[in-house]
Amino acid sequence: MIAPVEAAARAAAEVPALEPGVSRELARWRAARLRDIRYALWIDLSADGPALDARLEIRFNLDARTDLVLDWRAPSPRHPAQMPEAISANGRALAGARMVSEHLVIPARALRRGANRLSMRVRSPVAAAGTAVTRFVDREDGAHYLYTLLVPAEASTLFPCFDQPDLKARLRLTLTAPAGWRAVSNAPLARSSASLGRVRLRFGETEPLSTYQFAFAAGPFEELIESAAPRAAAPGPVRLYVRRSKIEAARREAPDLLRLNREALGWYTRYFARAFPFAKYDLVLVPELAYGGMEHSGATFLREESVLFPFEPAATDRLRRAQLVLHETAHQWFGDLVTMRWFDDLWLKEGFANFMAAKAGAELVRRRVPEIHPWVAFGALKLAAYRTDATPGTTPIWRELGNLADAKSAYGAIVYSKAPAVLRQAEYYVGERAFRRALRAFLSRHAHGVADWSDLVAALEKASGRPLAAWAEAWVKRRGMARVRLERGADAISLTQENLLGEAQLWPMRLKLVALAGGRHSVHPLRLAGARTDLGLAGAAGADFLFANFEDYGYGQFLLDPQSLEYALAHPEALQDELLRAQVFDSLWESVREAQLDPRRYIELALAWLPRERDDTTATLLLARLSSAYLRYSGAQAQRAFAPAVEALLLSGLSGSGSASRRIAYLRALVETARSSA
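Residues numbered from 1 in each chain as written. Predicted model: local features only at pLDDT ≥ 70, side-chain atom pairs only at ≥ 80, totals over all residues. Heavy atoms only, no water.

Colleague: Got a minute to help me understand the nonpolar core in this structure?
Modeller: Where a protein is soluble and globular, its nonpolar side chains tend to be buried together. One finds Y39, Y268, W347 and L588 to be the most contacted residues of the largest nonpolar core, which totals 231 residues. A per-element tally of this core places helix 3 (residues 247-272) first, with 13 residues. In this view, L588 contacts L560, L565, A568, L569, L597, Y602 and L605; residues no more than four positions away in its chain are not counted. (Core = buried A, V, L, I, M, F, W, Y, C linked by side-chain atoms within 4.5 Å. Buried < 20%, exposed > 50% of the residue type's maximum accessible area, 1.4 Å probe, protein only. Helix = DSSP H or I, 4+ residues; strand = E, 2+ residues; numbered from the N terminus. Contact = heavy atoms within 4.5 Å.)

Colleague: What exactly am I supposed to notice about the layout of surface pockets here?
Modeller: Unoccupied space between atoms shows up once a probe the size of one water molecule is rolled over them. Approximately 1,100 Å³ is the volume found for the largest pocket. Along the walls of the largest pocket sit 42 residues, with T316, L319, R320, Q323 and L381 positioned nearest its centre. Mapped onto the lining of the largest pocket, the elements with two or more residues apiece are strand 19 (293-294), helix 5 (315-331), helix 6 (347-364), helix 7 (374-389), helix 15 (616-631) and helix 17 (660-673). Of the residues forming the lining of the largest pocket, the biggest block, ten residues, is contributed by helix 5. Broken down by class, the residue content of the lining of the largest pocket amounts to 22 nonpolar, twelve polar and eight charged. In this structure, the second largest pocket encloses a volume near 380 Å³. Lining the second largest pocket are 22 residues, with G130, T131, T134, L149 and A290 positioned closest to its centre. Top contributing element to the lining of the second largest pocket by residue count: strand 9 (residues 133-137), with four residues. (1 Å grid on protein atoms, 1.4 Å probe; cavity = no way out; pocket = protein on both sides within 12 Å on 5 of 7 lines; lining within 4 Å. Points joined across faces, edges and corners; volume = space filled by probe spheres on them. Nonpolar A, V, L, I, M, F, W, Y, C, P; charged D, E, K, R; others polar.)

Colleague: Would you explain the confidence of the model for the chain in this entry?
Modeller: Detailed reading of the predicted coordinates is not advisable wherever pLDDT falls low. Taken over all residues, the pLDDT of the chain has a mean of 93, while the share at 70 or more is 97%. For residues 1-12, every residue scores under 50 in pLDDT, and the model assigns this stretch four contacts once sequence neighbours within four places are set aside. (pLDDT = per-residue confidence, 0-100.)

Colleague: I'm lost on empty space enclosed by the protein in this one. Help?
Modeller: Counted according to the given criterion, the structure contains six cavities of 30 Å³ or more. Space inside the largest cavity adds up to approximately 280 Å³. Residue lining of the largest cavity: 24 residues in total, with L383, Y386, Q583, D586 and S587 positioned closest to the centre. When residues of the lining of the largest cavity are traced back to their parent elements, those giving at least two are helix 7, strand 29 (556-559), helix 13 (578-593) and helix 15.

Colleague: When you look at the pattern of salt bridges in this model, what are you seeing that I'm missing?
Modeller: Within this structure, the stated rule accounts for 53 salt bridges. Between R73 and E154 there is a salt bridge, with the nearest N and O atoms lying 3.1 Å from each other. Of this pair, R73 sits in the loop between strand 3 (68-71) and strand 4 (85-89) while E154 sits in the loop between strand 10 (144-148) and strand 11 (169-178); the two residues are 81 residues apart in sequence, bridging distant segments of the chain. E154 matches R73 in its accessibility class, with the two residues each being buried. (Salt bridge = Lys/Arg side-chain N within 4 Å of Asp/Glu carboxyl O.)

Colleague: Sorry, what's going on with the pairing of strand 26 (residues 520-528) here?
Modeller: For a regular strand, side-chain orientation follows a simple rule: the groups alternate between the two sheet faces. Relative to strand 26, strand 25 (residues 509-517) runs antiparallel, the two being bridged by nine bridges. For L513, the partnering residue across the bridge sits in strand 26 and is H524. Hairpin remark: strand 25 followed by strand 26, antiparallel, with two residues in the connecting loop; positive phi at G518, about 60 degrees. (Pairing = 2+ DSSP bridges.)

Colleague: Sorry if this is basic, but what is going on with the side chain of S185 here?
Modeller: Checked against the element boundaries, S185 lands in strand 12 (residues 182-185). What makes S185 buried here is its relative accessible area of 3%. Contact partners of S185, with chain neighbours within four places excluded, come to L173, F203, A215, F216, K280, G298 and A299.

Colleague: Please clarify how helix 8 (residues 413-430) should be interpreted in this entry.
Modeller: In an α-helix, one turn spans 3.6 residues; hence positions three or four apart end up facing the same way. Here helix 8 is 18 residues long and its end C-alpha atoms lie 25 Å apart, about the 26 Å a rise of 1.5 Å per residue gives. The largest bend in helix 8 comes to about 30 degrees, at A419, with the proline P420 one to four residues further on. Counting buried positions along helix 8 gives 16 out of 18 residues, so the element sits mostly inside the fold. In the stretch just after helix 8, G431 is the one whose phi turns positive, near 100 degrees. (Expected span 1.5 Å × (residues − 1). Bend = angle between axes of the 7 residues up to and from the residue.)

Colleague: Just checking my understanding: could you explain the sheet that holds strand 28 (residues 545-547) for this structure?
Modeller: Backbone hydrogen bonds hold the strands of a sheet together, and the pairing may be parallel or antiparallel. One open sheet accounts for three strands, arranged 26-25-28; its pairing is antiparallel. Here the strands that pair on one side only, and so sit at the sheet edges, are strand 26 and strand 28. Across the sheet, the mean angle separating the axes of adjacent strands is 15 degrees when strand polarity is ignored. (Axes fitted to C-alpha atoms, helices over the stretch in contact; angles between N-to-C directions.)

The structure is reproduced here in C-alpha cells:
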C-alpha cells in the first residue's frame, strides 16, 4: 500500500496532459518546479542553407525529481520538427527521450532534484517566410540576411526551450557565420575571431529574458554608430545596423533617428527613475519585418520601410516613425524589464508602450512635427478601438488564454488602441503624481521578473491611497464602451451613461467638462458613476457650448447636447484648442453615424473649415469623413448639389501651400470622390 504522503508526491510530480502549444496548466506546473534557467546556444549560419545547425545546453534547477517537458515544435507542416540528436543529461548519454504533442519529454530517471544540465544538437529550418529564422535576399546586390522573430511563442521552433513568458532565463549565444558578416543579439559582443572564411561571434550572457525576447540578426550589415556622447543614465553609443545596399539612405536618416532614440532613452530614464535596464541598446533595420518593430531586449528590430522613406516624408510619415521609436524604446522597461506573466495580459506591454510613447511624444515629437498635435494623434489612435468596441464581437482588454498557441489572436485594436486609452484614464483617475509613483514602484518590485494586471492595480492603490478593484475590474475585464450624453436643465447639468452593447455593466470615469460662454471657457472636473450623474454646475448650464470629455481622458462615445451641437456647427472657430476641436469633430461624426445629424450638415462644416484647419491629423480625418458623407450617406440629388464645391475644395487643397501630407490627403480624397464630368 502506498503511503498518502508518497501518493501525493507522485501526483504532484506527474506531468499534465500534453497538447500542442503551451497550455496554461503546463505553464503553471513548470513555473512551480523550475528555477535558475540558463541557455547556451552555438549556431552555425550559412548564407543560403535550408537549415541551421545548433548545439544547445540548458542548465536549470528542479524543485522535485520529475519528467521534464520542453517545447519543441515545427514552425509549419512543411518543416517538421526533428528529434534532437546526441541528447545527454548531467554528462551521460540519454536514451528514452520522446516527442509528445510538440514537446520533448526528458524522463525523470535522467534528472535529479537541484541543479541539472541537458545538452543536445538540433536542426532548425530557415526560409523566406513561415520560420523562426527568416532569410532575406537583397534584390539589389544579392546579399543574404538572417533574422529571428520569436514572438509570441516561436522560440520553440528554433530550439527546445520553456517557451512561456514567466520562465525568464539567461542566454549565452555564439554564432559562426560567413566572413564579412556582422551580427547583433541581446547582449554585447564579447569576442570575435576569424578562420578559414568563417567568423565566430561570441556574445555575453543576457539578463533574465522571456524566450520571445531572444533575438539575433546576421548578414553583411553596415554599422552606423551614434556620434553624440551618451548620457550617464543610458547605455553606451547606440549602433544602427542596415543592409549595405541601403547605407546611403540610412546615413541621411540616421542622425535624426538616433537623436530621437537618445532623447527617448533619457526621457524614460527620468520618468521611471530607472536607468536603461540592459547592457547595451542597438537598432536593426530589417527589410520586410512582419511588424513595425519588435522590442527585443537590448536590440530593437525596426521595419526598414518604416524608417527609410523612399520619398520625401510627410508630417504623418515622420510622426509614425517617431511613434515607432518611442513605442519600442518604452518596451525596454514595459515588456522587457517587467514582462506580463501570460499573454492574456498582452495589454500590459502593448498598451503601456503606446501610452508612454504618447506621453514622451508630447515633449519630444511636437517640435519635430509641428503640423500634428501629439494628443490629437493619440485620439485618432483610439478610433480603431471605438469601432471594434461597438460590435458584438468585441472583447475586454484582458482575455483569458488557455494556450499560447492562440496568443496571436490577442493582438488587435483593443490591445493597441483601447488599452492606452484606459491607462490615460487611470492616470487622470488617480492623479499624475500617484500614477508615476505607482509605475516606478511597479518596475522596481518586478524588475527582471513578471507581473500581471493585479500587480499594477496594487501599485496604483498603494500610491493613490484609494481602492481601485472595482474600477480595474470594469476597465480590464469588461468589454464594450459607454455612450455618454449631456442633458441641460434650467439650472443644472446631468450626464447619462449607457452600454453601447445593451449590456448592464457601466464604467466609472473621471472627466473634465468644458463650458464656453461669451467667448470665455471654464473647466469643471467631475466623476461619472452609474447610469446618471447630476452635476449641478448652475453657472455652466446656460453656456453656449458644453463638452464632457475635455482633454480626452475618457473612453467612449461622447455626444453633444442639441444646443452645443448647433453652436459647434455654427462657430467651429470658437474651438481654438486643437485637441478639443478634433474631439468635437469626432463627436459630430458620431452623431452622423447614429443618424442624429444630417450628413449634409457635416459636409458643409468640412467644406467651410478644412482650409482653416491647422492640424494634419484632424484635416485628414475631416477629408475622409467628407468623402464618406458625400459618397455613402448622401443621395444622388445631394451629391449633384455638392459636387462643384467638394471638387473645387479638393483641387485647391491639392495645389495649396499646406504640408506634403495634407496635399497627399487631398489627392486621395479627390481620386475617391470626383464624379462630375468637369
